[in-house]
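The chain contents come next:
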Amino acid sequence: MHKSTLIRLSAGALALAGVWTAYTQNAPTQPLTFKQLKDDLWVIEGTSNGASDAGNIAVLVTSEGVVLVDDRFAQDFPEVMSVVRKITPLPVKYVLNTHHHGDHTGGNAQMLPNAEILIQANARKHMIDTHMPGPPHITFTREASVFLGGKEVRAVYSGRGHTDGDVAVFIPHDRAIHLGDLMAGTNGVTNPVMDYSSGASLKAWPATLDGALKLDPEIVIPGHGAVTDKAGLQAHRNKIAAVLTCATTLVNENKSVDEIGKTMVTEFDFKPINLRPLDGLITELKNAN
Ligand SMILES: [Zn+2]
């Protein structure tokens, strides 16, 4: 990538930091496709056209109704519900949000009249602070489980990463996990995008993913991109740790934001969305020393 592009991007990262939500909410909607993962579990897939895609939705069917993990953009609500109708006639009873961003919570306002929605407490605060529609009625700090039709869905908070309010949502009997944007991209292994306006931390991210690995999932649903497995999650965790090690070295060497950006592009194939939080990253790693 040309140097002047990098400089423009890093300046843009600062300007964009406060309007993350607006950026994701304005993204174009994509056609919905869905896929069965287990007898009672489906994924409604986002597409893989880039960072502005809507998030993946997990659909768990129980004898007493449906549990969703995330609900995409507001404009996707009718199509999401039509996909659920193709899977089961039962109603959506619960939605668990992986974090607050609008491509994962945009359907909340239309879900709330008929379903309870749970979100980590920090994530709900970000929704309130940025006047997002559909803040859930129920929060938790470390862990919460929904029990429906004899099945459990468990949201587990293991620390900061993409924001300070991301959870992994684990479905024990299917050994399936939805990671939200703690893992987001095409091909499983992806680069980190830190929303520093919402408490993100690259330093904490590997340990947060270790919390998800401890749950020993077989099926790993990323926030965006193709469904993978535990080995894919382990490889993703190792890449995030490698990015952290490399960035820490560069910051300790007092490299400039565009030098760090250039290295991230060549070493880790960073895309423009990964470069947006570079100023915040340098601040985080400097303060950590
Ligand atoms: Zn996000």
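What comes next is a walk through the structure. For clarity, every value in this text was computed on a predicted model and none was experimentally measured.

Quick notes on the rules
- Residues numbered from 1 in each chain as written.
- Predicted model: local features only at pLDDT ≥ 70, side-chain atom pairs only at ≥ 80, totals over all residues.
- Buried ≥ 20, exposed ≤ 12 C-beta atoms within 10 Å, placed from the backbone.
- Helix = DSSP H or I, 4+ residues; strand = E, 2+ residues; numbered from the N terminus.
- Pairing = 2+ DSSP bridges.
- Axes fitted to C-alpha atoms, helices over the stretch in contact; angles between N-to-C directions.

1. Let's talk about the pairing of strand 6 (residues 116-120)
For step 1, the next point in the chain: Counting buried positions along strand 6 yields four of five residues, so the element is predominantly enclosed.
For step 2, the next point in the chain: Looking at chain direction, strand 5 (residues 92-96) and strand 6 are connected through three bridges and run parallel. Of the residues in strand 6, the one forming a bridge with Val95 is Ile117.
For step 3, the next point in the chain: Relative to strand 7 (residues 138-140), strand 6 is paired through three bridges, and the arrangement is parallel.

2. A closer look at the sheet that holds strand 11 (residues 176-178)
For step 1, the next point in the chain: Within the open sheet, the five strands sit side by side as 8-9-10-11-12. Their pairing is mixed. One side of each edge strand has no neighbouring strand; the edge strands of this open sheet are strand 8 (143-148) and strand 12 (219-221). The average undirected angle you get between the axes of adjacent strands in this sheet is 20°.
For step 2, the next point in the chain: As paired strands, strand 9 (residues 151-156) and strand 10 (residues 168-171) are joined by three bridges and run antiparallel to one another. Each bridged residue has a counterpart across the sheet, and for Val156 the counterpart in strand 10 is Ala168.

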